[in-house]
Amino acid sequence: QVQLVESGGGLVQAGGSLRLSCAASGLTFWSYYMGWFRQAPGKEREFVATITGRGGNTNYADSVKGRFTISRDNAENTVYLQMNSLKPEDTAVYYCAARPITNRVYKYWGQGTQVTVSS
């Protein structure tokens, strides 16, 4: 059974930083691209960042480029999202997700962690 468990969310002031973690189990971690998505109240879920299986390539939404960094530790089956210079508009529930290298659809999702940025 595949499980993705996010942690690290919380309340932070604008300009602050948070580091999200997503621990994966039940899958061959290195063979999955990992992504972070977020959903703000009243809005659709949106892409934040993704990282390839070996961690060699990353991609970011324009809204977070230069502020957020996605990374992974395949020995620990964990993916991270370092968020710096946080803005109130970054407030959302953040989800990690996994998709097989051979498939463009994210197959597994975590339960989400709340990030709230106060102004």
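Predicted model, so just to flag it, every value in this text is computed and none were measured. (Residues numbered from 1 in each chain as written. Predicted model: local features only at pLDDT ≥ 70, side-chain atom pairs only at ≥ 80, totals over all residues. Heavy atoms only, no water.)

S.K.: Just checking my understanding: could you explain the overall build of the chain for this structure?
M.R.: What the chain contains, in helices and strands, is zero helices and 11 strands. Its C-alpha atoms give the chain a radius of gyration of 13 Å, within 12% of the compact-globule value 14 Å for 119 residues. Projected onto its principal axes, the C-alpha coordinates of the chain cover approximately 40 × 25 × 25 Å. For the chain, with 119 residues in total, the buried portion stands at 45%. Surface accessibility of the chain: about 6,300 Å² in total, with carbon and sulfur atoms responsible for 45%. (Helix = DSSP H or I, 4+ residues; strand = E, 2+ residues; numbered from the N terminus. Rg over C-alpha atoms; globule rule 2.2 N^0.38 Å. Buried < 20%, exposed > 50% of the residue type's maximum accessible area, 1.4 Å probe, protein only. Areas by Shrake-Rupley, 256 points an atom, 1.4 Å probe, with all protein chains shown as cover.)

S.K.: Where do I start with the environment of Glu89 in this structure?
M.R.: The topology assignment puts Glu89 in the loop between strand 8 (78–83) and strand 9 (92–100). For Glu89, a relative accessible area of 55% gives the class exposed. Placed 75 residues apart in sequence, Glu89 and Ala14 show a C-alpha to C-alpha distance of 9.5 Å.

S.K.: What's the story with the sheet that holds strand 8 in this structure? I'm lost.
M.R.: Strand-to-strand pairing in sheets goes through backbone hydrogen bonds, with the strands running parallel or antiparallel. Ordered in space as 1-3-8-7, the four strands form an open sheet in which the pairing is antiparallel. Each edge of the sheet is formed by a strand with only one pairing partner; in this case those strands are strand 1 (3–7) and strand 7 (68–73). Averaged over neighbouring strand pairs, the angle between their axes works out to 15° when direction is ignored. Relative to strand 3 (residues 18–25), strand 1 runs antiparallel, the two sharing five bridges. Paired with Leu4 across the bridge in strand 3 is Ala24. (Pairing = 2+ DSSP bridges. Axes fitted to C-alpha atoms, helices over the stretch in contact; angles between N-to-C directions.)

S.K.: What exactly am I supposed to notice about the state of the cysteines here?
M.R.: Joining two cysteines, a disulfide is a covalent bond between their sulfur atoms. In total, this model carries one disulfide according to the counting rule given. Sulfur-sulfur distance for the disulfide between Cys22 and Cys96 comes to 1.9 Å. Judged by the sign of its S-S torsion, about 40°, the cystine formed by Cys22 and Cys96 is right-handed. Of this pair, Cys22 sits in strand 3 while Cys96 sits in strand 9, and the two are 74 residues apart along the sequence. (Disulfide = S-S within 2.5 Å.)

S.K.: For this particular structure, what's the right way to read the pattern of salt bridges?
M.R.: Pairing between side chains of opposite charge can happen when the charged atoms of each approach one another. Scanning the model with the defined rule gives four salt bridges in all. In this structure, the salt-bridge partner of Lys65 is Asp62, at a minimum N-O distance of 3.1 Å. Connected through shared salt-bridge partners, Arg38, Glu46, Arg67 and Asp90 make up one network. (Salt bridge = Lys/Arg side-chain N within 4 Å of Asp/Glu carboxyl O.)

S.K.: Please explain the environment of Arg54 as it appears in this structure.
M.R.: Locating Arg54 in the fold gives a position in the loop between strand 5 (46–51) and strand 6 (58–60). Dropping the residues within four chain positions of it, Arg54 is found in contact with Trp30 and Asn74. (Contact = heavy atoms within 4.5 Å.)

S.K.: Help me out: how do you make sense of the nonpolar core in this one?
M.R.: Looking at soluble globular proteins, one finds that nonpolar side chains tend to be buried together. With 30 residues, the main nonpolar core has Met34, Trp36, Leu81, Met83 and Tyr94 as its most contacted residues. Of all the secondary-structure elements, those providing two or more residues to this core are strand 3, strand 4 (32–39), strand 5, strand 7, strand 8, strand 9 and strand 11 (113–118). (Core = buried A, V, L, I, M, F, W, Y, C linked by side-chain atoms within 4.5 Å.)

S.K.: Please clarify how the packing of aromatic side chains should be interpreted in this entry.
M.R.: Any aromatic ring pair is given by two values, namely how distant the centres are and how the planes are angled relative to each other. Considering all chains together, one arrives at five aromatic pairs under this definition. Both rings, one in Tyr106 and one in Trp109, keep their centres 6.1 Å apart while their planes meet at 55°; by these two values the pair is tilted. Within the aromatic cluster, the residues linked to one another by ring pairs are Phe37, Phe47, Tyr106 and Trp109. Looking at Arg45, its charged tip hangs above the ring of Trp109, at a distance of 3.8 Å from the centre. The side chain of Arg54 reaches across the aromatic face of Trp30, ending 4.5 Å from its centre. (Phe/Tyr/Trp six-rings, centres within 6.5 Å; stacked < 30°, edge-to-face > 60°. Lys NZ or Arg CZ within 6 Å of the ring centre and 35° of its normal.)

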